[in-house]
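# A closer look at the structure
Below, each chain spelled out in residue letters.
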Amino acid sequence: MDRNKISGQRQYEFVGKFNYIREAGTSGEQRASEEIQRDLKELGLTGRREEFEFAAYETTEECLVVTKPYEKEYLVTGYKRCGNTPAEGIEAPFLYIENGDDISLSFAKGKIVMLNGPVRKEMYQKLVEAQAAGFVTVSGTPIDMGEDLKPAGYTLRGVEKIPIQGVNLHYKDAVELVEKGALRVKLILRQKKAVRTSQNIAARIEGQDKAEEILTLSAHYDSVPQGPGAYDNMAGAAMIMELAIYFKENPPRRTMEFIWFGAEEMGLCGSQAYVKLHEKELSRHRFNMNVDLAGQLIGGTVIGVTADAAVCQMLSYVVHETGMGVSFINGIWGSDSNTFAWKGIPAMTLNRDGFGMHTRYDTIDLISPWSLKRSACVLGGIAERLAQAEVMPFKREVPEEFRRKLDTYFIDK
Ligand SMILES: [Zn+2]
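## Some words on the pairing of strand 10 (residues 254–261)
- With respect to burial, strand 10 is a largely interior element, 8 of its 8 residues being buried.
- Alignment of strand 8 (residues 184–205) against strand 10, held across 5 bridges, turns out to be antiparallel. Looking across to strand 10, one finds that Ala203 is bridged to Phe258.
- With 8 bridges joining them, strand 9 (residues 210–220) and strand 10 adopt parallel strand pairing. Following the sheet pairing, Ile214 is matched in strand 10 by Thr255.

Below, the structure written as structure tokens:
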């Protein structure tokens, strides 16, 4: 592709327009979707708004109090999708069990245990089997100050029965609990399920002579509530817009669909809504090219390819031609590309490592036009080769091994 037609500065300015929190289902996310539609309109493309509903959990009470040998309430964040304690809470002996090893777990029965977090499905099940009364996890670092002392929030996924509840505590408070010899604690967690509305924005450029075959370029535009998500993932959203500009000027032979997903952070809800809505045409989909986490200057770029090893090698070859450094992983990935692969459509996610994901530090300050341009050229290079090929160089299939892993992955959502 002609790299002179890709602008890092234009992408950077795009990211700059979204310097606000875009939590799924909120007015911030809605505002961003309208902004994307406006840009598409200016470009002469129609941005379709595809609305969907998803379940969110709202905490109404989260509380941890040490009751013996001293009395103090600590700032905690409740685990979402983790059920409710009785209104008055549960009170039990307290025990720090570090990483939740089997030796420590054998003492957990009837206790509210503290462990180094976060707790995921597997550890949750161990805690339930050990008959713990509840759990407290530890996050943050000993050098945090000010706002960073607020404990991070986590969501429990893939757990069907939720007999015990848990909260997250900051590192510094965890130290205090152990040093001051907390013996008994009281835990309260109350939450309710709410149905919220989000939207994907999609725009299509019909192929010139192979329009029946569809290639998708995608990125999520929602953010976590902690920060404005410039790196995760407005930078990716900017890259998809830049490529929409490029392909509008350089018409592809295959149909290209550009998609900005909502509610990715809630568990890939946007891409799941997309494949459901477009179920009838999924057989025409040949490849999904997704971006999640991009644009920071210091970092390395990885392309995760969820398709046959031969596809991974082909993409690697195309990138070798450009001379831009990228490493490849052939496996499933934790982003919207998984949804396509699960439906049998070969997929990839371009990812650049960097600093501050899911924190308030994820702002445009760390985004670089140099990095945006480079990654957009890598992604655009792949997209163009596939969009213009006389014959698609690989089949529409995903290896059985990945399909099986994705089954587990999505049942866990
Ligand atoms: Zn992301």
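## Digging into helix 8 (residues 309–322)
- Taking 1.5 Å per residue as the helical rise, helix 8 with its 14 residues ought to reach 20 Å, and the 21 Å between its terminal C-alpha atoms agrees with that figure.
- If you follow the buried residues of helix 8, they end up packed against strand 11 (285–291), strand 12 (301–306), strand 13 (327–330), strand 14 (347–352) and helix 10 (369–388).
- Between the side-chain oxygen at the start of helix 8 and the backbone nitrogen of Ala310 there is a gap of 3.0 Å, and the oxygen is on Asp308.
- Downstream of helix 8 by one or two residues, Gly323 has phi in the positive range, about 80 degrees.

## What about the packing of aromatic side chains?
- Summed over the entire model, instances satisfying the criterion amount to 15 aromatic pairs.
- Plain terms: the ring middles of Tyr124 and Phe135 are 6.0 Å apart, the flat faces sit at 80 degrees to each other, and that makes the pair edge-to-face. In this pair, Tyr124 is assigned in helix 4 (residues 121–129) and Phe135 in strand 6 (residues 134–139), connecting sequence segments 11 residues apart. This pair shows no difference in class: Tyr124 is buried, exactly as Phe135 is.
- Both rings, one in Trp342 and one in Phe410, keep their centres 4.4 Å apart while their planes meet at 20 degrees; by these two values the pair is stacked. Of this pair, Trp342 sits in helix 9 (residues 337–342) while Phe410 sits in helix 11 (residues 400–411), and the two are 68 residues apart along the sequence.
- Taking the relative accessible area as the measure of exposure, Phe410 reaches 7% and is therefore buried.
- Through successive ring pairs, a cluster of aromatic residues spans Tyr79, Tyr124, Phe135 and Tyr154.
- The side chain of Lys180 reaches across the aromatic face of Tyr70, ending 4.2 Å from its centre.
- Residue placement shows Lys343 over the ring face of Trp342; its charged tip is 5.3 Å from the ring centre.

## Observations concerning the state of the cysteines
- Using the criterion set out here, one finds 0 disulfides in the structure.
- Not engaged in a disulfide, the cysteine Cys269 finds its nearest cysteine sulfur in Cys82; these two sulfurs lie 19 Å apart.
- According to the relative accessible area criterion, Cys269 is buried, its value standing at 16%.

## Re the side chain of Ser335
- Residue placement: Ser335 occurs in the loop between strand 13 and helix 9.
- Classification of Ser335 as buried rests on a relative accessible area of 1%.
- There is a polar contact of 3.0 Å between the side chain of Ser335 and the side chain of Asn290.

## Topic: the packing of helix 6 (residues 230–249) against helix 10
- Put simply, helix 6 and helix 10 touch, their axes get as near as 10 Å, and they point 50 degrees apart. Looking at the two axes, helix 6 sits oblique to helix 10. Crossing handedness for the pair helix 6 and helix 10: right-handed. Where helix 6 approaches helix 10, its residues Ala235, Met239, Ile240, Leu243, Tyr246 and Phe247 are matched on the opposing element by Leu372, Ser375, Ala376, Leu379, Gly380, Ala383 and Glu384.
- Its residues assigned to classes, the contact of helix 6 with helix 10 comprises 10 nonpolar, 2 polar and 1 charged.

## Focus on the coordination of the zinc ion
- The coordination sphere of the zinc ion, as far as protein atoms go, consists of His220 (NE2), Asp232 (OD) and Asp292 (OD), spread over 1.9 to 2.2 Å.
- Each donor residue of the zinc ion lies on the same chain, and together they follow the pattern H-x11-D-x59-D. Pair noted here: His220 is in strand 9 and Asp232 is in helix 6, with a separation of 12 residues, a long-range link. For the pair formed by His220 and Asp232, the shared burial category is buried.

Criteria and cut-off values
Residues numbered from 1 in each chain as written. Predicted model: local features only at pLDDT ≥ 70, side-chain atom pairs only at ≥ 80, totals over all residues. Heavy atoms only, no water. Buried < 20%, exposed > 50% of the residue type's maximum accessible area, 1.4 Å probe, protein only. Helix = DSSP H or I, 4+ residues; strand = E, 2+ residues; numbered from the N terminus. Pairing = 2+ DSSP bridges. Expected span 1.5 Å × (residues − 1). Contact = heavy atoms within 4.5 Å. Polar contact = N/O pair within 3.5 Å; in protein donor to acceptor, adjacent residues only side chain to side chain. Phe/Tyr/Trp six-rings, centres within 6.5 Å; stacked < 30°, edge-to-face > 60°. Lys NZ or Arg CZ within 6 Å of the ring centre and 35° of its normal. Disulfide = S-S within 2.5 Å. Axes fitted to C-alpha atoms, helices over the stretch in contact; angles between N-to-C directions. Parallel < 35°, antiparallel > 145°, perpendicular 65-115°, else oblique. Left-handed = near helix turned anticlockwise from the far one by under 90°. Nonpolar A, V, L, I, M, F, W, Y, C, P; charged D, E, K, R; others polar. Donors = N, O, S within 2.8 Å, 3.2 Å for Na, K, Ca; no water.

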